[in-house]
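Observations on the model geometry
Spelled out, the chains give:
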Amino acid sequence: MDHETRSDIEPGSSAADALEASHAAEASPSPEWAEAPSTRPPSTREAICPVCLERIEAGVAICPECGEPTDPPKRSVRAPSIPDAPPDASWLSLHWRPLVTIGAILGLISTGGALRYLAPHRFSPSRAATAVPPPTPVCGAPCWSGESCQVGRCVWQRPNDVGHLVDAPSIAGPFPLPKDAFDALPLDGDRFAVALLSGLEVRSARTGEPLSLVSEAPNVRRLYRVGEVVYATSPSRIYVIDAATTRLLKTIELGEAVGDIVVGASGRRALASLPEAHAVAILATEYHAEIERIHFGDDDVGPVAVDDSGARAITTTGLIPQPGQREPSGGVAYPFDPSRLGSEQDRVRTSMVGNPASALMSPDGAAGFVALRAQNTLVPLTWLPSGAVRQEARITTCREPEQIELVRSDRRAIVRCNEGRAIQVFDLSTRELLRAVTFPGRALDMAIAPDGAQAVVALGGDRSGSVALVDLKTYAAKVHPLGGEPTRIRLAPDGGSALALGERPRVAWVLR
């Protein structure tokens, strides 16, 4: 180290700084040395730069190619940014990182394979190898309302919130009614309504005592349950009364007396016959108003029947005579379409001699049935593609068939015969008689439980009356005496209670 280099080093500098300064002095010669021509003879030996590996002249301190020192002992003591491999390093010390990474990946794959091997149903047949089950058979014809297609067959599905009377019901009553009572209808298990001249009276089903009176609905004659409301008919209008609160909701002005009211399966339409107007009024139950009126010439139409779709219906001119009256000999049945306007109706008039007292439509609208009270027969009607109606072969019934009702379970129809003192069960598909159940008295009225499992029949007698409960599965009948003659049977909406009304003694019994 020369004098100039030594003087540039501060006293407090470290040995490493002194060594750096020395290398810098050697790499940058003084101007005097640079300008003076070199006196060292050229060497014929060659060396390799340890940094750039280029061939250079031996003995040169600074590589002319890369500018780095060529003498290893005089290089900087700092560690390089990328250290070189030690000369004595093994292969494992140089490659342990990729080995650990590969081992972790293989361990993850092996763990997944082991878990898949130990999974449930590992050795069960694959879905692709499983035989495809045959398609579920579908029903050939559309199912009725309340049915579902199961294994190619329409099966009746009983609603969950309905039932029927027990085999040995408790009987409350008789409860005396006012002399002007025309009809009665159960509202629920605790109340029933009575149609009076003064209005609609609500009474307790346990004691028979009056609870309230709807005086805004005077001169009520008949009561019909339409969903959550009650239609109370009068000589010229229908009162719409809420069944829960017995509040008058609306009045439907018809201008004529109502003979019969039937509600479709959907509950959106109600058909009311107007005998004096020779017409049938179509009522919308959503807002309780008359939307159409269909006229039928000069015939006093009465009983009405409609299918589930509301596109086919039957009305007849038959009636049940009062005791002592003559039996009507003639009769007419009118098939019509309630979904069309009155001006667009196909005027189809089917003459039926024998007092057609009741009618029934099959839910699918394919056929209709009319009971001829004077002829003791049942007349099937079939709709043709042209819109006409054809009378099929008549079916013989018991004496004086007055009422025909539908039993959706197993697709049956029940005919009540007054003088025949029996009910007959028919299969609607084959139109064959399945069973006849006889009673000790005349069958005056009948109601079918909403679950289709029971028929309640009011029986009359010379001294007293009774109520018969018929199981529609076994056709076993149990008769319960009342001590008086019931003429009408009304069931609660859930089928858990029934009201038997005696018109001549003006009394009522409650069965639950």
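So, here is what we can say about the structure in this document.

Reading the values: the criteria
- Residues numbered from 1 in each chain as written.
- Predicted model: local features only at pLDDT ≥ 70, side-chain atom pairs only at ≥ 80, totals over all residues.
- Heavy atoms only, no water.
- Pairing = 2+ DSSP bridges.
- Helix = DSSP H or I, 4+ residues; strand = E, 2+ residues; numbered from the N terminus.
- Axes fitted to C-alpha atoms, helices over the stretch in contact; angles between N-to-C directions.
- Disulfide = S-S within 2.5 Å.
- Buried < 20%, exposed > 50% of the residue type's maximum accessible area, 1.4 Å probe, protein only.
- Patch = residues over 30% accessible without salt bridge, like charges linked within 9 Å, V, L, I, M, F, W, Y side chains within 5 Å.
- Areas by Shrake-Rupley, 256 points an atom, 1.4 Å probe, with all protein chains shown as cover.
- Salt bridge = Lys/Arg side-chain N within 4 Å of Asp/Glu carboxyl O.
- Polar contact = N/O pair within 3.5 Å; in protein donor to acceptor, adjacent residues only side chain to side chain.
- Contact = heavy atoms within 4.5 Å.

**Focus on the sheet that holds strand β29 (residues 422-427)**
One open sheet accounts for four strands, arranged β27-β28-β29-β30; its pairing is antiparallel. The open sheet is flanked by β27 (401-407) and β30 (433-438), the only strands paired with a single partner. Taking each pair of neighbouring strands and ignoring which way they run, the sheet shows an average axis angle of 20°.

**A short note on the state of the cysteines**
Formally, a disulfide is one covalent bond, and it connects the sulfur atom of one cysteine to the sulfur atom of another. Scanning the entire structure with this criterion turns up three disulfides. Paired through a disulfide, C143 and C154 show a sulfur-sulfur distance of 2.1 Å. Its torsion about the S-S bond being -80°, the disulfide of C143 and C154 is classed as left-handed. Of the two residues, C143 is situated in the loop between α4 (91-117) and β3 (147-150) and C154 in strand β4 (residues 153-156); the sequence distance between them amounts to 11 residues. On the basis of relative accessible area, C143 is assigned to the partly exposed category, the value being 28%. The exposure class of C154 is buried, given its relative accessible area of 18%. Each disulfide of the protein joins two cysteines, and with those cysteines numbered along the sequence the arrangement is 1-3, 2-4, 5-6. With no disulfide partner, C49 has as its closest neighbouring cysteine sulfur the one in C63, 3.5 Å distant. No disulfide involves C66; its sulfur sits 3.7 Å from the nearest other cysteine sulfur, which is in C63. Taking relative accessible area as the criterion, C66 reaches 31% and is therefore assigned partly exposed.

**Comments concerning a nonpolar patch on the surface**
Taken together, the side chains of W91, L92, W96, L99 and V100 define a hydrophobic patch exposed on the protein surface, amounting to about 550 Å² of accessible area. On the secondary structure map, W96 appears in helix α4. For W96, a relative accessible area of 42% translates into the label partly exposed.

**Examining the sheet that holds strand β12 (residues 237-242)**
Pairing is antiparallel in the open sheet, where four strands are placed in the order β10-β11-β12-β13. Every other strand in the sheet has two partners, leaving β10 (222-226) and β13 (248-253) as the edge strands with one partner each. Across the sheet, the mean angle from the axis of one strand to that of its neighbour is 25°, orientation sign disregarded. Pairing analysis gives five bridges linking strand β11 (residues 229-233) to β12, with the strands arranged antiparallel. By the bridge assignment for β12, V230 is matched with I241.

**Notes on the side chain of R191**
Residue placement: R191 occurs in strand β7 (residues 191-195). A polar contact of 2.8 Å, which involves the side chain of R191, links it to the backbone oxygen of A243. Leaving out residues up to four positions away in the same chain, R191 has contacts with P186, V202, R203, A205, L211, A243, A244 and T246.

**A few points about the pattern of salt bridges**
Taken as a whole, this structure holds 25 salt bridges when the rule is applied. For D190, the salt bridge goes to R206, with nearest N and O atoms at 3.2 Å. One end of the pair, D190, is in the loop between β6 (183-186) and β7; the other, R206, is in the loop between β8 (200-204) and β9 (210-214), and 16 residues separate them in sequence. Looking at D190, the relative accessible area reads 41%, which means it is partly exposed. Of the residues examined, R206 reaches a relative accessible area of 53% and is grouped as exposed. As a salt-bridge pair, D308 and R408 come within 2.8 Å of each other at their nearest N and O atoms. Residue D308 is found in the loop between β18 (304-306) and β19 (313-316), and its partner R408 is found in the loop between β27 and β28 (412-417); the two are separated by 100 residues along the sequence. Taking relative accessible area as the criterion, D308 reaches 18% and is therefore assigned buried. Residue classification places R408 among the partly exposed residues on the basis of a relative accessible area of 22%. Linked through salt bridges whose partners overlap, the residues forming this network are D183, R222, D445, R488, R490 and E503.

**Regarding the pairing of strand β36 (residues 498-502)**
Most of β36 sits inside the fold, with five of its five residues counted as buried. Where strand β35 (residues 488-491) hands over to β36, the hairpin turn is made up of six residues, of which G495 adopts a positive phi near 75°. Relative to strand β37 (residues 507-511), β36 runs antiparallel, the two being bridged by five bridges. Bridge assignment links A498 to a residue of β37, and that residue is L511. Between the end of β36 and the start of β37, which pair antiparallel, lie four residues, with R506 showing a positive phi angle near 55°.

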